[in-house]
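Fold and geometry: a report
The residues making up each chain are set out below.
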Amino acid sequence: MGHIFIPERTDNCFSFRFFAGIVFLIFAILSVAAPPALAVNGVILDQQVDAGGKGYTVLHVWGSHYEMGYAHGYLLADEIVAEHDQVVSLLGSGYENMRQAMDAARWMPEVIEDELDGMAAALAELHPEKNIDKVDLKVINGYGDWSYPACRSHCCWGQFVAPPVEMLSTRRLDFGSPFPSINHHVLCAWEPDDGSPAWLGFSWAGYVVGITTLNEYGTQVSVHDYDTGGVPHTDALLRTSAARYMTTLPTGSDLQNHITDCWNSLAGIYAWTGAFINCFVPDGHAAVFACSRASGFYDVRSAQSSYFGGDVVLTANAWTSGSYTPAGAEFMADYYTEGGIKDLESHWSLMGTSGLHKMSVEYRGHENMTVWIQGRLDPGITSRLEYEWSELFGINDGPAVVTGPGPAYDNPTKVRLFPPAQDATHVVQFNAYNSQHFGANVTTGNVVEGDEIEIVTGAGPGAIFGPHVRAFESDGVPISYISFLAYGTNTWGVNVAVGNIDGSGLEEIITGPGPGAVFGPHVRAFTCAGGTGAHPVAGVSYFAYGTNKWGVNVAAGDIDGDGRDEIVTGAGPGAVFGPHVRGWDCFLSSSTPHTDPIPGVSFMAYGTNKFGVEVSCGDVDGDGLDEIITAPGPGAVFASHIRGWNYDGDAVAPMPGLSFFAWPTGEARYGAEVFAGADLSGDGRNEIVVGGGPDPNLGSPVKVYEYDGQEATLWFSLDASPEGWTQGTKVAGGRF
């Protein structure tokens, strides 16, 4: 564990006395309920935190620096408050001296002030009783300067990597754990709108400085303890602030001059604490800055041709000119002495699991990186979290399969987007709800003004989850005014579809209750036109079947070619309800808006009288009309039998060749999920996306089929959850 020092004010500088103490404080993990005064430009992408506050949170914030700080503070308000209280307890009577020291210190870049102002505003809004101001937040951010770590880092390029990899870098932070909040690890993706680089900060709640960072150009920056003696000047620059400055210096793609520009800005500035600061710039430009309290930033070393051919930089907590191995880094030197091409797995594994946190990066180009992180929990460690840069920043432009976990109790509400390719890895991921149970229903459509399509979600069928409907942009950013309960209940979730039922061009959200034993097949529709919320559509509120149980599945498509989408319903999964499909025509422009059944669209899709039927609509044969695609409901004896149906204006008939089993009967039971509302390939015909049904022995497989008018053929398949979620996958898709 590192030492902790508290400053005492003496004239124009600070002296120090040693302070030891540890405080244990339980996190408050209840979600914040107060409505924000400012739009929250942020979303929690992933979170696993136990009752003791240990775990991790991954979030994405964007906008102005003030807006990003506000979003970070709003989303992690309880965690920041807990952290503040723990630091106050840890420093005791020395806390006020630390406030004075941090307030007098230099902070770079200047936009840190705006970020902390925004964060303080969010905390004042949510926790006014705490009176936490910007200076308090500076004390938290200064932890990396007033507590001293030991660390290890290494990076390589050239002879040690193979295309497309250009650089590998790993940083292990060896801080101690002087207060409980250190065991809640936060990875924040910062996306400013001022042209400065997007960047990742891996540290803790409320941090805007650099502990371990990475920018969009692949530069990884981290702080090591070195030469911490002496007394800092009053306005000295915090080393963690310098690390942040190096990360977000707007040098763009000019990697060759990044180190020079940093040095020109920092040389001669006094440092609040001595340090080595790694600045691992790709393309062979990695360097290590040295600073001290007495001399400020006084040296920068780069790779030396005499040391592993100039293709390696190692850093521990001992001096080296770069031409020899520093003490404490021998094991890293042995790794490179072995020679050969290195990969991300070996780079990561070399550093072990003893540190407080670890980040490894495989850099392949601008915004093209794989990032692995892990944190210590005392006891134990988090799982290794693996992300693509595009996933963390919501970079998704083009066709994608959209998935939601099936209804297993232990399935989270993570919505994922996958490019249309065999065994693809998801490029976007976000939590649709503040829950780790029962998955999420998904669909896509253009429900708000503009040309982009959105992702619409319905809460999964948990006995404690209401019919909560939400909408998101394709990068996982929530659309704040589309968040509503479709029915007056707090249980069993909600099924969702999207369709242009009024012919206006903008699509409406269509809902059906989840499969509760007391909820009838009540179909409703909501419009989001005008951007003021989701409002019920007059004339669309009816019961699709003569029962008061098990909800209803919904879809929409223009099956008769009149320019308006019809609603198609499938009976819910009751043990006595057959696979009854019905069609409904919406007459919404009349003086008395209403919805009528379509006489020719009422049929049993399968030869059974149980467990209902899943439905979707889409033009899968390219004839200009949408077809009805069905899958059996979740009965224990029903396989993944996909069928297609044409409506000719009078009656429904099976489509030739569109009758197949996505998985062999013995591999997958409990029916299937199906979606046919998107042309993923761009060939003028919608594909059929199939997710496994809620078989308790099935993982999360997804298959995508093409239909040529005669037969359906498999295009590609993927696993929506390599980590092992069970009971199938909810599916959708779109061209974003």
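Just so we're clear, the structure is a prediction, and the values are computed from it rather than from any experiment. (Residues numbered from 1 in each chain as written. Predicted model: local features only at pLDDT ≥ 70, side-chain atom pairs only at ≥ 80, totals over all residues. Heavy atoms only, no water.)

1. Examining the overall build of the chain
Quick note on the threshold: Runs of E in the DSSP output that reach at least two residues are strands. Runs of H or I that reach at least four are helices, and both are numbered from the N terminus. Each radius of gyration reported is based on C-alpha atoms, and the globular scaling rule is 2.2 Å times the count of residues to the power 0.38. In what follows, residue pairs with any heavy atoms lying within 4.5 Å of each other are defined as contacts. Shrake-Rupley sampling with a 1.4 Å probe provides the accessible areas, and residues are treated as covered by the protein chains on show and by no other component. Only four residue types enter the charge count, namely Lys and Arg as positive and Asp and Glu as negative; His and the chain termini do not. Here the site of a charge means NZ on Lys, CZ on Arg, CG on Asp, or CD on Glu.
When you go through the chain residue by residue, the secondary structure sums to 11 helices and 41 strands. Relative to its length of 736 residues, the chain is compact, with a C-alpha radius of gyration of 28 Å against a globular reference of 27 Å. With respect to the three principal axes, the spread of C-alpha positions in the chain is 90 × 60 × 40 Å. When contacts within the chain are restricted to residue pairs at least 6 apart in sequence, those whose partners lie at least 24 apart make up 63%. When the accessible surface of the chain is totalled, it reaches about 24900 Å², and 51% of it is carbon and sulfur. Of the side-chain charges in the chain, 34 are positive and 84 negative, and the distance between the mean point of each set is 9 Å.

2. Details of the packing of helix α2 (residues 77-91) against helix α5 (residues 134-141)
The condition that has to hold: Where helices are involved, their axes are fitted lines through C-alpha atoms of the stretch in contact, as for all axes, and angles between N-to-C directions lie from 0 to 180°. Should an angle fall under 35 degrees it is called roughly parallel, over 145 degrees roughly antiparallel, and 65 to 115 degrees roughly perpendicular, with every other angle called oblique. Note that Gly is not counted as nonpolar here; it falls among the polar residues with everything else outside the nonpolar set of Ala, Val, Leu, Ile, Met, Phe, Trp, Tyr, Cys and Pro and the charged set of Asp, Glu, Lys and Arg.
For the pair α2 and α5, interaxial distance at closest approach is 10 Å and the crossing angle is 75°. Between α2 and α5, the angle falls in the class roughly perpendicular. Here α2 contributes I80, E83, H84, V87 and L91 to the contact with α5, which in turn contributes D136, L137, V139 and I140. Class assignment of the residues belonging to the contact of α2 with α5 gives a composition of six nonpolar, one polar and two charged.

3. A word on the sheet that holds strand β28 (residues 535-543)
Each strand in a sheet pairs with another by means of backbone hydrogen bonds, the pair being arranged parallel or else antiparallel. We apply this condition: Two strands form a pair only when DSSP identifies at least two bridges running between them.
Here we have four strands laid out as an open sheet, ordered β25-β26-β27-β28, and antiparallel in their pairing. Either end of the sheet is taken by a strand with one partner, and the two such strands are β25 (494-499) and β28. Within this sheet the neighbouring strands show an average axis-to-axis angle of 20°, counted without direction. Sheet topology places strand β26 (residues 508-513) next to strand β27 (residues 522-527); three bridges connect them, and they run antiparallel. Counterpart to I509 in the pairing with β27 is F526.

4. Quick notes on the pattern of salt bridges
Pairs may arise between side chains of opposite charge once their charged atoms sit close together. For the record, the criterion: Within this document, salt bridges are pairs made up of a side-chain nitrogen of Lys or Arg and a carboxyl oxygen of Asp or Glu, the two lying within 4 Å of each other. Think of it in three bands: residues with accessible area under 20% of the maximum for their type are buried, residues over 50% are exposed, and the middle band is partly exposed, with areas taken using a 1.4 Å probe on protein chains only.
Considering all chains together, one arrives at 20 salt bridges under this definition. The salt bridge partner of K414 is D46, with a shortest N-O separation of 2.8 Å. You can see K414 sitting in strand β19 (residues 414-418) and its partner D46 sitting in strand β3 (residues 42-49), a full 368 residues away along the chain. One exposure class covers both K414 and D46, and it is buried. With a shortest N-O distance of 3.3 Å, D585 and R564 are connected by a salt bridge.

5. Description of unusual backbone geometry
Of the consecutive residues M108 and P109, the connecting peptide bond is found in the cis state with omega at -5°. By the secondary structure assignment, P109 is in the loop between α3 (95-104) and α4 (111-126). Between D378 and P379 the backbone carries a cis peptide bond, its omega angle lying at 5°. As for its placement among the helices and strands, P379 is situated in the loop between β16 (368-375) and β17 (385-388). One non-glycine residue, E367, adopts positive backbone phi at about 55°. By the secondary structure assignment, E367 is in the loop between β15 (357-365) and β16.

6. Considerations on helix α8 (residues 258-266)
Spelled out, the test is: Relevant arc is that of directions from the helix axis to the C-beta atoms, nothing else.
Turning to α8, its buried residues are H258, I259, C262 and L266. Projected down its long axis, α8 shows its buried positions confined to an angular sector of 95°, all on one face. Those residues of α8 hidden inside the fold are in contact with β9 (212-215), α7 (239-248), β11 (275-280), β12 (287-292) and β13 (296-302). Once α8 ends, the next one or two residues include G268, with phi positive near 90°.

7. Remarks on the sheet that holds β19
If you trace the four strands from one edge of the open sheet to the other, you get β20-β19-β18-β41, paired in antiparallel fashion. The sheet is open, and its two borders are formed by β20 (428-431) and β41 (729-735), each paired with just one other strand. Strand-to-strand twist of the sheet, defined as the mean angle between neighbouring strand axes without regard to direction, takes the value 20°. Bridge analysis of β19 against β20 gives four bridges, and the strand direction is antiparallel. Residue pairing across strands places R416 opposite Q429, the latter belonging to β20.

8. Some words on the confidence of the model for the chain
Should pLDDT be low for a region, the predicted coordinates there are not to be read in detail. The condition is simple: pLDDT runs from 0 to 100 and stands for how confident the predictor is about each residue.
Model confidence for the chain is summarised by a mean pLDDT of 89, while 93% of its residues fall at 70 or above. Segment residues 9-35 is flagged for pLDDT under 50; beyond a separation of four residues in sequence, or across chains, it makes 83 contacts in the model.

9. Section: the pairing of strand β38 (residues 688-692)
Where burial is concerned, most of β38 is hidden: five out of the five residues are buried. The two faces of β38 match: I688, V690 and G692 on one face and V689 and G691 on the other face are all buried. The sheet contact formed by strand β37 (residues 672-675) and β38 spans four bridges and is antiparallel. Within β38, the position partnered with F675 by the bridge is V689. The pairing of β38 with strand β39 (residues 701-707) spans four bridges and is classified as antiparallel. Along β39, the bridge assignment pairs V690 with K703.

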